[in-house]
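# Inside the fold
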Amino acid sequence: MSNKYQTSKRCYLIDHHSPQPPIVPLDNLNIEEYENFFDVAQIDSLMLYCKDHWGVCYYDTQTKDAVKHEGIKTDWVKKISTLLKKKDIEFIAYYCIEYDEGAARRFPEWRVRKADGSFLIRDDIYAKWSLCCYQTGYRKYCLEQLSEIVRNYTPDALFMDIFGASLCYCDTCKTKFKSQFGYDLPLDDDNILTHKSDIIAFLDGNTEEFLKQIKSTLKAIDPSIALTINFSCHYPKYIRDILDYQFSEPLMKDNWFSAAYARDTALHQYPILAPGEASQVYNYDSTNQYICDLSSIAAQGCRVGMYSGSQHIDGTLDFEEARRLGAAYGELKKIEPYLTNRTPVKCVGILQSDISKAVNLHYFNPDAILRMKLHNPHSNAVLGAMELCENAKLPWNIIPELEVSLELLKQYELILLPEVFVISEELAAIIKQYIIGGGKVIASSQSGLWNADSTQRDHSTIAEIIGADIKSIHKEYIQNNWSAYLTPYETETFEGLLNCTTPPVSEYFLEVIPTTAKKLLKFILPCVPCSSKEWVNWWSPPPGKVTEMPALISNTLGNGTVYYTAFDFFTMAASETYRYTDDLFRQLIAKCNITPSICNITQTPLMLRTAFFENDKEYIIHQISMLPKQFKGQVFPISGGALECSLPIKSAEIVYPEQQSLKVITKDGKSTINLPDFTLQQVIICKK
């Protein structure tokens, strides 16, 4: 197998998706210019279009009814791939699956159909791509093209874009669904949501089936070809496991969080995250923004990639992109020695659940890619958990549910359950044993309250763990936005907004009845539910009746402790409209009394990001300033704060941007390292 995907670090895709002449003539392609561009950009990996969203090919295809771009008078894929092999640059062949505008127009019988028989179209502000269904003759068409690409050009890897199965009502899909599930494919939105678990299983099954067929077909031609698909980390694990490596786009707020999510859902699968966010050809961001965005990917343990539309319509290139990309990749090359032979420091583990993604969906998007891009409630809560940990400057990472074991959980000081709607009895038992042994858990509202088929349970699977029974979900105040307010019980003391006012919670809350849990916070109801006849002022109605319904409870099991919020705390953190979530989280962390092996103490947690890695001999800490993102590339020195280590540190030094020894202060077996100011990023090594 080609091993370049295991070592390449700096990928680029010239992103064009070009219709036929005269719109995009491509009449001035020059191989020498492209080679110069690659050199200036300092790439070691190139993704190259073989077939794009328009369905046009950039090579001499022999597949029946396939269409080559008429502006290309030579075999462009042959030219570029030959150059890449000469320069020892990884060659990734790009092929688009579901979006194929040309095939859809030539063969309407291949198109994805909506329930009313009309065609499904990706209706973006600019592009209006038509979708093709690979349960039709389009499947054979794709397999023939993929086979000739691998056979004739021997790419190191094949990247398949827009791969997931969209909801289609062609005769083949309807017949196939009914044969598998015994009833007709639902037509209207309400019935689709009712049967969404079966529909998702059907579509994921189609994806798995086609992916396995592609893999067996292409590996028979070239066993060395490495296969991946876009958005890998957002597919179920059984699909991820088919791939040779993982490729994803940043769908979790920004590169920092997206890279961590991709890294932790692709263990030992050499994940790459692309595109970096900075690239806006013709409307360029600053070089500092390029460095910030791309370094964020590398700092979190993913290989780095970038897309941009740097190809002019005549085929020449916008060279400013190469210069700015090269400036960022040049800095990453200096850091690369510190990006290998390391694993994330374990402190806070955030439980991620593939099964929970199908629960509590408000709308089922028929377009497979949009289903991934428009987050489900569980993913939103996971993002909130990541942001809370990052702002608290604690080491954190994602734990996929199928990786969970008692031995793994014991490696963490704290486990977060962010709207993990589906928690099996077996998983709940492992979590319980972890707590009894001394573990700490923070769980939010509907965790454990749902079955895998999206039906609500009578009792949460973690009821014993949280020490309470869930009576009901209160949604009568959804129109208010703020469904309730918080205040401490008379015996409890909190800081921040909870000490001076009654901060709100969002959308809904749960009424719970404690069994063994202690009450810490309680709900105050809004004075009125907003309606067409009743409201107060221009915003959410203020607090009214004080209840005895607990909003935050704690429960002790064995040597461990659980904190449970009867509101959607983690999603509130992701929304960034609630001012006190970070403060409340820090207070819960203090109550948990955890002792991380290393953490970052800073007075400006939103101005910098800190990643914590380690190996047997050292900690590797990577800090990045967020000022370039906030101030359009403008930067000034900011403090890195201090590192606190629960065990003695032998020595510490800055290894990037300049070598600098740091003073280690050790007291009572713990070490503190005051960090210098930095401008864009710095890498610190602490010897254990």
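Below or above, wherever it landed, is the structure these notes cover.

Quick notes on the rules
- Residues numbered from 1 in each chain as written.
- Predicted model: local features only at pLDDT ≥ 70, side-chain atom pairs only at ≥ 80, totals over all residues.
- Heavy atoms only, no water.
- Buried < 20%, exposed > 50% of the residue type's maximum accessible area, 1.4 Å probe, protein only.
- Helix = DSSP H or I, 4+ residues; strand = E, 2+ residues; numbered from the N terminus.
- Arc of directions from axis to C-beta.
- Contact = heavy atoms within 4.5 Å.
- Polar contact = N/O pair within 3.5 Å; in protein donor to acceptor, adjacent residues only side chain to side chain.
- Core = buried A, V, L, I, M, F, W, Y, C linked by side-chain atoms within 4.5 Å.
- Disulfide = S-S within 2.5 Å.
- Pairing = 2+ DSSP bridges.
- Salt bridge = Lys/Arg side-chain N within 4 Å of Asp/Glu carboxyl O.
- Phe/Tyr/Trp six-rings, centres within 6.5 Å; stacked < 30°, edge-to-face > 60°.
- Lys NZ or Arg CZ within 6 Å of the ring centre and 35° of its normal.

Right, let's talk about helix α2 (residues 31–41) for a bit. Here α2 has its buried residues at Ile31, Glu33, Tyr34, Phe37, Phe38 and Ala41. Across the axial projection of α2, the buried residues extend over an arc of 155 degrees, all falling on one side. The inward-facing, buried residues of α2 abut β1 (10–14), β2 (45–51), α3 (76–86) and α12 (319–335). Structurally, the start of α2 carries an N-cap: the backbone nitrogen of Glu32 is 2.9 Å from a side-chain oxygen of Asn30. Gln42 lies just past α2 and shows a positive phi near 60 degrees.

What follows is about the nonpolar core. Counting 219 residues, the largest nonpolar core has Phe38, Leu416, Leu417 and Phe523 as its most contacted members. It is helix α5 (residues 138–153) that contributes the most residues to this core, eight residues altogether. Sequence-distant contacts of Leu416, that is, excluding residues within four places in its chain, are made with Val348, Gly349, Ile350, Leu351, Ala385, Cys389, Ile442, Phe570 and Phe585. Ile598, Leu643, Ile649 and Ala652 belong to the second largest nonpolar core, which has 15 residues in total.

Let's shift gears to the state of the cysteines. Scanning the model with the defined rule gives zero disulfides in all. Lacking any disulfide linkage, Cys96 is separated from the closest cysteine sulfur, that of Cys142, by 8.8 Å. By relative accessible area, Cys96 is classed as buried at 0%. Here Cys173 is not disulfide-linked; the sulfur of Cys170 is the nearest cysteine sulfur, at 3.6 Å. For Cys173, a relative accessible area of 3% puts it in the buried group.

Moving on, we get to the pairing of strand β12 (residues 348–352). Burial runs high along β12: five of the five residues are buried. Every second residue of β12 is oriented toward a common face, with Val348, Ile350 and Gln352 on one face and Gly349 and Leu351 on the other, all of them buried. Sheet topology places β12 next to strand β13 (residues 396–400); five bridges connect them, and they run parallel. Pairing of Leu351 across the sheet is with Ile399, part of β13. Inspection of the sheet shows β12 paired to strand β14 (residues 414–417) by three bridges, in the parallel sense. Residue Val348 lies in a different strand from β14, and its bridge partner there is Leu414.

Now for the pattern of salt bridges. Considering all chains together, one arrives at 36 salt bridges under this definition. Where Asp244 meets Lys219, a salt bridge forms, and the shortest distance between an N and an O atom there is 3.0 Å. Taken together, the residues span a long stretch of sequence, with Asp244 in the loop between α9 (237–240) and β8 (247–248) and Lys219 in helix α8 (residues 196–221) at a distance of 25 residues. When its relative accessible area of 16% is taken as the criterion, Lys219 is described as buried. Residues joined in a network through salt bridges with shared partners are Glu35, Asp39, Lys86 and Lys87.

Our next topic: the environment of Arg342. Its place among the elements puts Arg342 in the loop between α12 and β11 (343–344). Sequence separation between Arg342 and Asn615 is 273 residues; the distance between their C-alpha atoms is 5.1 Å. Arg342 has contacts with Ala298, Ala299, Gly301, Phe613, Glu614 and Ile620, leaving out every residue within four places of it along the chain. At 3.4 Å, the side chain of Arg342 and the backbone oxygen of Ala299 are in polar contact.

You can see Arg10 is positioned in strand β1. If sequence neighbours within four positions are ignored, Arg10 has contacts with Gln42, Ile43, Asp44, Ser45, Val304, Tyr329, Lys333 and Glu336.

All chains considered together, the criterion is met by 30 aromatic pairs. Ring geometry for Phe247 and Tyr307: centres 6.4 Å apart, planes at 15 degrees, overall stacked. Of the two residues, Phe247 is situated in strand β8 and Tyr307 in strand β10 (residues 303–308); the sequence distance between them amounts to 60 residues. Considered together, Phe247 and Tyr307 belong to a single accessibility category, that of buried residues. Ring-pair connections join several aromatic residues into one group, and the members of that group are Tyr49, Tyr58, Tyr94, Phe159, Phe247 and Tyr307. Over the face of the ring belonging to Tyr245 we find Arg303, whose NZ or CZ atom lies 5.0 Å from the ring centre. Stacked on the ring of Phe613, the Lys or Arg Arg342 has its end atom at 3.6 Å from the ring centre.

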